[in-house]
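# Structural overview
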Amino acid sequence: MKQIASGSLDCNVMVWNFKSSMRAFRYHGHKDAITSVKFAPSGTLLASASKDRSVRLWIPNVHGKSTVLKGHLGTVRCVDFSFNGRLLLSGSDDKTVKIWSMPGPHFLSSLSGHINWVRACCFSPDARLVLSGSDDRTVKLWSVTDNSCIQTFHNHTSAITTVAFHPSGTCVAAGSADHTINVWDIRTNQLLQHYPAHEDVVNSIAFHPQGEFLLSCSNDSKINLWDLTSGLLSCSAPFHVGPVNSVCFSTSPGEYFGSGGADNLVYVWKCNVEKAHVPARDLLTGAVLEPGTSAADAPQLPTGRPATAPPVGAASRLAPGEGNGPSVIPTDLPHGPRSPVQAAQFHHQQQRSAAQNGDPLREFQNYPRPPPPATSPPSPLLPQPQLQQAQPQMPSFSAPPPP
């Protein structure tokens with residue numbers, strides 16, 4: 001892991017560096033709130049979308065030079081890069097999804113078919129397909145070759161807020177304002193799984209790079225980790241104060257995930273879900289990116305938050321930890337006061353970072369994951385029934401008391 005980017009209502013894009021010798025970068029250029037951020041696969045470009053109807057492409061270094069893309073007639077809600085970085089996707093309140101060629105950038109085509117705002121869009125792993133979700137309650141699958149809509153899913157009963165492709169490219173998922181998450185097989189166009197996932201709007205979802213888990217966040221302040229094999233809730237993390245607006249995994253092997261919320265904070269978590277049958281208490285460990293505590297104090301904080309209250313909207317970068325655990329150090333480049341973090345996204349290194357060695361800041365209890373029933377028919381996604389619903393009576397989860 002090398003960097004994590006965040007965008008906020010303060011119109012700033014922040015890039016947090018995980019090297020102790022580098023400060024966080026703050027980029028200002030948008031004239032309205034940031035709605036989405038996305039790193040190119042190479043890490044040499046960062047795209048941001050804004051309510052000012054533009055997309056900006058930033059070079060994520062100390063200079064922060066940017067190029068402006070204008071073509072939408074409404075708020076740009078989402079951006080995504082293809083796997084090779086040659087295409088850029090943007091979705092907008094003008095009801096369209098636009099495809100741009102890189103480098104350049106140059107406008108290529110527009111996907112029209114939604115009858116309300118487009119809130120989410122993404123490329124398939126091979127960049128041959130595009131997935132989009134809209135306030136018209138539909139999820140659409142598009143062909144990049146001829147810009148045609150090849151399938152529309154109608155299972156949600158309210159606006160679609162987030163969409164994602166499974167790493168295999170054979171399944172897609174969507175989260176909605178109806179508090180649920182649906183997973184479909186795009187080869188058979190069948191609904192595979194339905195999750196009554198949250199108690200409020202589902203704001204963001206992300207598949208683990210290995211494909212066995214799904215991460216979600218909501219206005220109910222919770223981050224939920226779903227086991228796709230069993231169809232059960234694996235872990236719930238209610239640590240943001242207020243709505244959680246964005247979650248993302250670092251890419252393969254998916255050792256980390258980040259979250260941004262209306263409390264103006266960005267969290268980074270160490271994630272052990274890639275290890276089979278990992279003990280419950282070792283599933284997640286994390287640190288909050290904000291000032292107000294020293295490296296020596298941070299590992300002793302049971303809630304992952306500093307004992308002294310920081311300025312509203314402040315955040316800080318995570319420094320390499322030595323000895324007892326990860327350390328949190330302050331920076332003078334925070335998001336502004338009362339500026340909820342709307343989006344977060346990783347740029348990573350292939351090598352494992354030494355910054356996360358040491359004791360966790362917080363340990364979590366999670367529900368034990370039972371093995372799939374032996375009689376369950378094989379699913380195109382994972383070994384589970386064709387349609388499996390998460391348990392609605394799932395108990396809440398909390399951290400053990402501090403030592």
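Residues numbered from 1 in each chain as written. Predicted model: local features only at pLDDT ≥ 70, side-chain atom pairs only at ≥ 80, totals over all residues. Heavy atoms only, no water.

## A few points about the overall build of the chain
Of regular secondary structure, the chain possesses 0 helices and 31 strands. Sequence-distant contacts, at least 24 apart, represent 50% of the contacts inside the chain between residues at least 6 apart. Entry remark: accessible area of the chain is about 16,100 Å², with carbon and sulfur atoms responsible for 51%. (Helix = DSSP H or I, 4+ residues; strand = E, 2+ residues; numbered from the N terminus. Contact = heavy atoms within 4.5 Å. Areas by Shrake-Rupley, 256 points an atom, 1.4 Å probe, with all protein chains shown as cover.)

## Quick look at unusual backbone geometry
Glycine aside, a negative phi is what most residues show, and trans is what most peptide bonds show. The omega angle of the peptide bond from Met102 to Pro103 is -5°, so this bond is cis rather than trans. Here Pro103 lies in the loop between β10 (96–101) and β11 (106–112). Cis geometry marks the peptide bond from Gly104 to Pro105; its omega dihedral reads -15°. With respect to the helices and strands, the residue Pro105 is situated in the loop between β10 and β11. Look at Ala127: it is not a glycine, yet its phi comes out positive at around 65°.

## What about the sheet that holds strand β9 (residues 87–92)?
Strand order in the open sheet formed by 4 strands is β8-β9-β10-β11, with antiparallel pairing between adjacent strands. Where the open sheet ends on each side, the last strands, each with one partner, are β8 (76–81) and β11. Averaged over all adjacent pairs, the angle separating strand axes in this sheet is 20°, with direction ignored. Judged from the 5 bridges that link them, β9 and β10 form a sheet pairing that is antiparallel. Its bridge partner being in β10, Leu88 is matched across the sheet by Trp100. (Pairing = 2+ DSSP bridges. Axes fitted to C-alpha atoms, helices over the stretch in contact; angles between N-to-C directions.)

## Quick look at the environment of Pro238
The residue Pro238 is located in the loop between β23 (232–237) and β24 (244–249) in this model. By relative accessible area, which is 34% here, Pro238 ends up partly exposed. Taking the C-alpha atoms as reference points, Pro238 and Ser221, separated by 17 residues in sequence, lie 5.7 Å from one another. (Buried < 20%, exposed > 50% of the residue type's maximum accessible area, 1.4 Å probe, protein only.)

## Examining the confidence of the model for the chain
In this model, the chain carries an average pLDDT of 74, and 67% of its residues clear a pLDDT of 70 or more. The model gives residues 275–334 a pLDDT under 50, and that stretch makes 174 contacts with residues more than four places away or in other chains. In this model, residues 348–403 is a region of pLDDT below 50 whose contacts with residues beyond four sequence positions or in other chains number 142 contacts. (pLDDT = per-residue confidence, 0-100.)

## Brief notes about the pairing of β23
Of all 6 residues in β23, 6 are buried; the element is thus mostly enclosed. Sheet analysis places strand β22 (residues 223–227) next to β23, joined by 5 bridges and oriented antiparallel. Across the sheet, residue Asp227 finds its bridge partner in β23, namely Leu232. The turn linking β22 back onto β23 is made up of 4 residues, and Gly231 within it adopts a positive phi angle of 75°.

## As for the sheet that holds β23
Ordered in space as β20-β21-β22-β23, the 4 strands form an open sheet in which the pairing is antiparallel. Sheet topology places β20 (202–207) and β23 at the edges, where each strand pairs with a single neighbour. With strand direction ignored, the average angle separating the axes of adjacent strands in the sheet is 20°. Both β20 and strand β21 (residues 213–218) contribute to a ladder of 5 bridges, which runs antiparallel. Residue pairing for β21: Phe207 is matched across the bridge by Leu214.

## Considerations on the pairing of strand β26 (residues 266–271)
By the criterion of burial, β26 is predominantly enclosed, with 6 of the 6 residues buried. Covered by surrounding structure in β26 are Val266, Val268 and Lys270 together with Tyr267, Trp269 and Cys271, the residues of both alternating faces. Relative to β26, strand β25 (residues 256–261) runs antiparallel, the two sharing 5 bridges. By the bridge assignment for β26, Ser259 is matched with Tyr267.

## With respect to the packing of aromatic side chains
In this structure the tally under the stated criterion is 9 aromatic pairs. A centroid spacing of 5.3 Å and a plane angle of 15° characterise the contact between Tyr27 and Trp58, whose relative ring orientation is stacked. In this pair, Tyr27 sits in strand β3 (residues 25–28) while Trp58 sits in strand β6 (residues 54–58), placing the two residues 31 residues apart along the sequence. Neither Tyr27 nor Trp58 differs from the other in exposure class; each is buried. Measuring from centroid to centroid gives 4.7 Å for Phe153 and Trp184, while their planes differ by 20°, and the two rings are stacked. Residue Phe153 is found in strand β15 (residues 149–153), and its partner Trp184 is found in strand β18 (residues 181–185); the two are separated by 31 residues along the sequence. In terms of burial, Phe153 and Trp184 fall into one category: buried. Through successive ring pairs, a cluster of aromatic residues spans Phe239, Phe249, Phe257, Tyr267 and Trp269. (Phe/Tyr/Trp six-rings, centres within 6.5 Å; stacked < 30°, edge-to-face > 60°.)

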